[in-house]
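Chains, contacts and geometry: an overview
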Amino acid sequence: MEKRAVVQVLVVVIVGVLSWVEGRQYGLVCRVKDPSVVSGCNVFKDCLYELYPVEVAQNSMDIFGGHNRLFSLYGGPSSCGYFGKLIATPKGQQTLIETIKKQLLKSGFRGFEIQCDAVMAEVSQSIYASFLDLLRTQLGGGYIIAVSLKHIQLEQCLVNTLNSAVDLVIMPMDCTRDCNIQQLTNVQNAIAHGLDRQKIVLEVVVPSVLVSSTQPRFTSATKV
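Below, the structure is looked at part by part.

About the criteria used
- Residues numbered from 1 in each chain as written.
- Predicted model: local features only at pLDDT ≥ 70, side-chain atom pairs only at ≥ 80, totals over all residues.
- Heavy atoms only, no water.
- Buried < 20%, exposed > 50% of the residue type's maximum accessible area, 1.4 Å probe, protein only.
- Helix = DSSP H or I, 4+ residues; strand = E, 2+ residues; numbered from the N terminus.
- Pairing = 2+ DSSP bridges.
- Contact = heavy atoms within 4.5 Å.
- Polar contact = N/O pair within 3.5 Å; in protein donor to acceptor, adjacent residues only side chain to side chain.
- Salt bridge = Lys/Arg side-chain N within 4 Å of Asp/Glu carboxyl O.

Counted residue by residue, strand S2 (residues 49-53) has four buried out of five residues, so it is predominantly covered. Alignment of strand S1 (residues 27-32) against S2, held across three bridges, turns out to be parallel. Considered in S2, the bridge of Arg31 is made with Leu51. Across four bridges, the pairing between S2 and strand S3 (residues 69-73) is parallel. In the sheet register, Tyr52 faces S3, and the bridge partner there is Phe71.

Have a look at this one:
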């Protein structure tokens with residue numbers, strides 16, 4: 001009985017180590033839930049980009065400076081439903097793109113993230129892909145377009161668009177346990193569908209995951 005328990009522990013440790021090694025191949029983006037909590041902390045040294053609620057960009061808050069800030073659009077089921085209705089029509093797509101343009105100019109942020117994937121928005125992947133293509137065409141190459149991807153059953157039309165029109169594909173930390181393993185499983189599935197691995201970044205959440213510069217930067221749960 002004890003021998004079996006030891007073997008199980010070793011398996012868990014080995015899987016965790018392999019996941020950590022694999023995860024270090026990908027960049028990190030840090031999702032800031034509450035900017036005021038991390039004010040004055042040097043928590044972003046390992047983050048390629050920082051993700052802020054769109055309200056931060058709307059209020060033009062002075063947060064930390066730098067040019068690696070992205071604001072997040074939509075999120076929960078109700079807002080994703082609204083997003084889906086917008087992009088389902090050419091008029092809605094154009095309205096949303098104009099809104100995004102204005103917000104980018106006002107905020108000075110480097111770009112933005114769309115938190116709703118096609119499944120969450122309840123639209124076909126072809127409609128979702130056509131919106132992203134139009135978005136890139138109208139924004140040009142000066143801004144970062146990021147998309148969070150929770151559902152990995154990808155059709156080829158969307159894979160092609162993610163590879164060509166999107167700068168970052170974010171693998172969310174959307175779990176309660178074994179988050180790094182789940183993230184990397186999603187990464188492997190996405191790559192198997194043809195997604196360019198160089199587009200992929202892993203999400204960590206601030207401040208519940210990262211801490212200030214006077215402490216170790218990552219907890220054991222976030223060494224992905």
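The subject of this paragraph is the environment of Arg31. Examined against the element boundaries, Arg31 turns out to sit in strand S1. Excluding residues within four positions of it along the chain, Arg31 makes contact with Leu51, Ser72, Glu113, Gln115, Ser148, Glu203, Val204, Val205 and Val206. A polar contact is formed between the side chain of Arg31 and the side chain of Glu113, at a distance of 2.6 Å. A polar side-chain atom of Arg31 sits 2.4 Å from a polar atom in the side chain of Glu203.

With that settled, consider the pattern of salt bridges. Under the defined criterion, the tally for this structure stands at four salt bridges. Close ionic contact of Glu203 with Arg31 constitutes a salt bridge, the shortest N to O distance being 2.4 Å. Residue Glu203 is found in strand S7 (residues 200-206), and its partner Arg31 is found in strand S1; the two are separated by 172 residues along the sequence. Considered together, Glu203 and Arg31 belong to a single accessibility category, that of buried residues. Between Arg136 and Asp167 there is a salt bridge; the shortest N-O distance is 2.4 Å. Highlighted residues: Arg136 in helix H6 (residues 125-139) and Asp167 in the loop between helix H7 (156-165) and strand S6 (168-171), separated in sequence by 31 residues.

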